[in-house]
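Close look at the chain arrangement
One letter stands for each residue in the lines below.
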Amino acid sequence: MEELAGLNREELTGWMKDRGYPAFRGKQVFAWIHRGADFDEMTNIPKDMREKLRQEAVAQPVSIQLQRESALDGTVKFLFALKDGNCVEGVLMRYKYGVSLCISTQVGCRMGCKFCASTLEGKVRDLTAGEMLGEIFAANRFLDTEGNGEKVSHVVLMGSGEPLDNYEQVIRFLRLLREEDGIHLSLRNVSLSTCGIVPRIYDLAAEKLPVTLCISLHAPNDEIRRRTMPVANTWSIREILEACRHYIRETGRRVIFEYALVDGLNAGEAQASELADLLRGMQCHVNLIPLNEVKERHLKGVSEDTVSAFLKVLEDRHISATRRRELGDDIEGACGQLRRKTIFESRSDTRCESST
Ligand code: SAH
């Protein structure tokens, strides 16, 4: 089956042309797909044509298997079902400036970070560009049903998976996001988070796409970083920062460093000070993340006071930093947790129930 969501307008028109359909049909189908419609909703396409398309192709690669809306702040956690029975998570967050959707880029993850729930069973497979877009189509459809005129305006690649470990499809996805008759987002509204796959950061810089690069740093030195992040055995913080400086020069965008505070590991004032030394003079921002304690991992978060003290050290050293707001606390907002809960508490295998 051809996954049409992963084709740009020209490619889709070409695909339709190969089947004897005029170019304008390709444009129509493209617009429908990016509005989240399935073939049976494409009312300006003749019925027999839709029927033929359905036999060969998939319009919507993602459907919502489960959704949970926070009573506290309107955050929505989705469990997205994929056609092969796998599932991934997404989180929709409402801000003053718009609606942000956190999407997954892989089923599972092979990076092995010790604090993360997504990586507990390793990587199952990469998502396709069409599936990443499909997560947005599905979220937009959900927003349509709520009827407040909201649409996804910002996208963060921070769900399950390592985006730079699925480089080609992620780049294709980013380019598709900009398509005029599609989601039509400025890539300035897109953030990509990585654990620091250095060669791919240089590749990304060369693409000249103005996405905000976020680095999951979580430590002020390699020794501490290696204790929770296996990727730190391959690339040093020095190499990551060098790549970030290159990225900043090439794109003019500041880099964001994510730092989850873990009790007894990286959260003391000494570590804050070491972090400040590391980042001095860099065009960057530090996002302090309260650790979401994962049942299977034996790491503890820190108190409010510890966060404040850490933040103060950074501020005193003129490092731009904020504490990340916690949204969706009542709905298993953290990466990987809803999927795990659904899969492992209801069934014994690692697949979701089929979407169809
Ligand atoms: N693989 C990418 C993107 C996915 S994870 C990356 O590593 O950046 C998104 C962010 O959530 C990363 O900063 C990750 O380190 C962080 N994270 C994962 N598990 C967490 C947990 N239990 N508590 C707090 N942050 C966590």
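Residues numbered from 1 in each chain as written. Predicted model: local features only at pLDDT ≥ 70, side-chain atom pairs only at ≥ 80, totals over all residues. Heavy atoms only, no water.

Things to note about the confidence of the model for the protein chain
Per-chain confidence: the protein chain averages 92 in pLDDT, with 92% of residues scoring 70 or above. Predicted confidence for residues 345-356 stays below pLDDT 50, and this span has 28 contacts to residues more than four positions away or in other chains. (pLDDT = per-residue confidence, 0-100. Contact = heavy atoms within 4.5 Å.)

So, the pattern of salt bridges
All chains considered together, the criterion is met by 23 salt bridges. In this structure, Glu56 engages Arg19 in a salt bridge whose closest nitrogen and oxygen atoms are separated by 2.9 Å. Residue Glu56 is found in helix 3 (residues 47-56), and its partner Arg19 is found in the loop between helix 1 (9-18) and helix 2 (23-34); the two are separated by 37 residues along the sequence. With a closest N to O distance of 2.5 Å, Glu146 and Arg94 form a salt bridge. Placement of Glu146 in helix 4 (residues 129-146) and of Arg94 in strand 5 (residues 87-95) is noted, with a sequence separation of 52 residues between them. (Salt bridge = Lys/Arg side-chain N within 4 Å of Asp/Glu carboxyl O. Helix = DSSP H or I, 4+ residues; strand = E, 2+ residues; numbered from the N terminus.)

Examining the nonpolar core
Formed by 108 residues in total, the largest nonpolar core has its most connected members in Phe173, Leu174, Leu177 and Phe257. Filtering out sequence-adjacent residues up to four positions away, Leu177 remains in contact with Leu133, Ile136, Ile183, His184, Leu185, Leu187 and Val190. (Core = buried A, V, L, I, M, F, W, Y, C linked by side-chain atoms within 4.5 Å. Buried < 20%, exposed > 50% of the residue type's maximum accessible area, 1.4 Å probe, protein only.)

Describing the sheet that holds strand 4 (residues 76-82)
With mixed pairing, the ten strands of this open sheet are ordered in space as 3-4-5-6-9-10-11-12-13-14. Whereas interior strands pair on both sides, the edge strands pair on one side only; in this sheet they are strand 3 (62-69) and strand 14 (321-323). Averaged over neighbouring strand pairs, the angle between their axes works out to 25 degrees when direction is ignored. Two elements, strand 9 (residues 152-157) and strand 10 (residues 190-194), share three bridges in a ladder whose sense is parallel. Residue pairing in the sheet places Leu157 in a bridge with Leu192 of strand 10. Across the sheet, helix 8 (residues 237-251) is in contact with strand 11 (212-216) and strand 12 (255-261); its angle to strand 12 comes to roughly 145 degrees. Here helix 10 (residues 304-316) sits on the sheet in contact with strand 12, strand 13 (284-290) and strand 14, set at roughly 170 degrees to strand 14. (Pairing = 2+ DSSP bridges. Axes fitted to C-alpha atoms, helices over the stretch in contact; angles between N-to-C directions.)

Some words on the site of the ligand
The ligand sits among 18 residues. The nearest are Phe115, Ser193, Ser216, His218 and Asn292. Ser193 is positioned with one of its side-chain polar atoms (N or O) 2.6 Å from an oxygen atom of the ligand. Here the ligand has 530 Å² of accessible area as a free molecule, and 93% of this is covered by the chains. Counted by class, the shell around the ligand contains nine nonpolar, seven polar and two charged residues. (Near = heavy atom within 4 Å. Polar contact = N/O pair within 3.5 Å; in protein donor to acceptor, adjacent residues only side chain to side chain. Areas by Shrake-Rupley, 256 points an atom, 1.4 Å probe, with all protein chains shown as cover. Nonpolar A, V, L, I, M, F, W, Y, C, P; charged D, E, K, R; others polar.)

A few points about the pairing of strand 12
A large share of strand 12 lies buried, amounting to seven of its seven residues. Both faces of strand 12 are covered, namely the face carrying Val255, Phe257, Tyr259 and Leu261 and the face carrying Ile256, Glu258 and Ala260. Looking at chain direction, strand 11 and strand 12 are connected through three bridges and run parallel. From the neighbouring strand, Ile215 faces strand 12, where its bridge partner is Phe257. In terms of handedness, the path from strand 12 via helix 9 (residues 269-279) over to strand 13 forms a crossover that is right-handed. (Right-handed = clockwise from strand over helix to strand, strands pointing away.)

Some thoughts on the packing of aromatic side chains
Applying the stated criterion across every chain, the model contains four aromatic pairs. On the numbers, 5.0 Å between centres and 10 degrees between planes, the contact of Tyr95 with Tyr97 is stacked. Grouping aromatic residues by their ring pairs yields a cluster made of Phe78, Phe80 and Phe142. Directly above the aromatic system of Trp15 lies the positively charged group of Arg19, at a separation of 3.9 Å from the ring centroid. (Phe/Tyr/Trp six-rings, centres within 6.5 Å; stacked < 30°, edge-to-face > 60°. Lys NZ or Arg CZ within 6 Å of the ring centre and 35° of its normal.)

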